[in-house]
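# Coordinate analysis (summary)
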Amino acid sequence: MFGFLRKKAAAPFPGEQCSVDISSGGMTINGMKLDVLVHLDSAEKLLGTPRAMKFRTSAENREFLEETHGEGMVSNRVNYTWDDLGIYCYTMNGKVVHCFGFMFRNDPELDLKYAPKKMFSGSLTINGEPWQQAVLRGEDCEVLRTLHVGGYCVTAEYADPFAGDKPDEGGYNCVEVQLGN
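Reference entry: report on the structure contained in this document. Keep in mind that what you see is a predicted model, and the values were worked out from it rather than measured. (Residues numbered from 1 in each chain as written. Predicted model: local features only at pLDDT ≥ 70, side-chain atom pairs only at ≥ 80, totals over all residues. Heavy atoms only, no water.)

### Some thoughts on the sheet that holds strand 9 (residues 123-126)
Taken in spatial order, the 5 strands of this open sheet run 3-2-1-9-10, and their pairing is mixed. Looking at which strands have only one partner, the edges of the open sheet turn out to be strand 3 (32-33) and strand 10 (129-130). (Pairing = 2+ DSSP bridges. Helix = DSSP H or I, 4+ residues; strand = E, 2+ residues; numbered from the N terminus.)

See the structure below:
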């Protein structure tokens, strides 16, 4: 009926019991496959009801985003956050998730309104390997590191991208997974 009358459902498991694996076959959370291009309803069934943060899209941002996501695809930008799990996602139309993120530290200078209240405390692997180890095989792109896993792109954002030759030694703020280009 009306979205504001929906009962908020909590995550069916505590954050530290969240086990995520990203592979060429998709993303698996606690044994359940959840693809990156997925309807929000499917993510809610697995993770509970998220908090929503709607964005206004300037003409300049719309042009940039539509170059990547396709003309007319940016109609209702909403980020959703599962605060207790440390997980967030992006949508361009408010309904289809095109990127999932796992927050490990929240840089207060960025002032991200959609940042989870708790940081991700579960286990995150890429093809069964600890994610920190796997992303080291990816490409260094100044402020983040990217790793292609099948048709997906995994990005790990450096906590301190100006840490010299090894910015990953300062850790990472977050890891995001989306369809690769």
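### Some remarks on a nonpolar patch on the surface
Taken together, Leu-37, Val-96 and Leu-179 make up a surface patch of nonpolar side chains, about 230 Å² in accessible area. Within the element layout of this structure, Val-96 appears in strand 8 (residues 96-103). (Patch = residues over 30% accessible without salt bridge, like charges linked within 9 Å, V, L, I, M, F, W, Y side chains within 5 Å. Areas by Shrake-Rupley, 256 points an atom, 1.4 Å probe, with all protein chains shown as cover. Salt bridge = Lys/Arg side-chain N within 4 Å of Asp/Glu carboxyl O.)

### Thoughts on the packing of aromatic side chains
Here the structure, examined in full by the defined rule, presents 9 aromatic pairs. Between Tyr-88 and Tyr-114, the ring centres sit 5.5 Å apart and the planes meet at 50°, which makes this aromatic pair tilted. Of this pair, Tyr-88 sits in strand 7 (residues 87-91) while Tyr-114 sits in the loop between strand 8 and strand 9, and the two are 26 residues apart along the sequence. Like Tyr-88, the residue Tyr-114 is buried in the burial classification. For the pair Phe-102 and Phe-120, a centre-to-centre distance of 5.3 Å together with 70° between the ring planes defines the contact as edge-to-face. Pair noted here: Phe-102 is in strand 8 and Phe-120 is in the loop between strand 8 and strand 9, with a separation of 18 residues, a long-range link. Each member of the pair, Phe-102 as well as Phe-120, is classed as buried. An aromatic cluster is present here, built from Phe-102, Phe-104, Phe-120, Trp-131, Tyr-158 and Tyr-172 joined pairwise through their rings. (Phe/Tyr/Trp six-rings, centres within 6.5 Å; stacked < 30°, edge-to-face > 60°. Buried < 20%, exposed > 50% of the residue type's maximum accessible area, 1.4 Å probe, protein only.)

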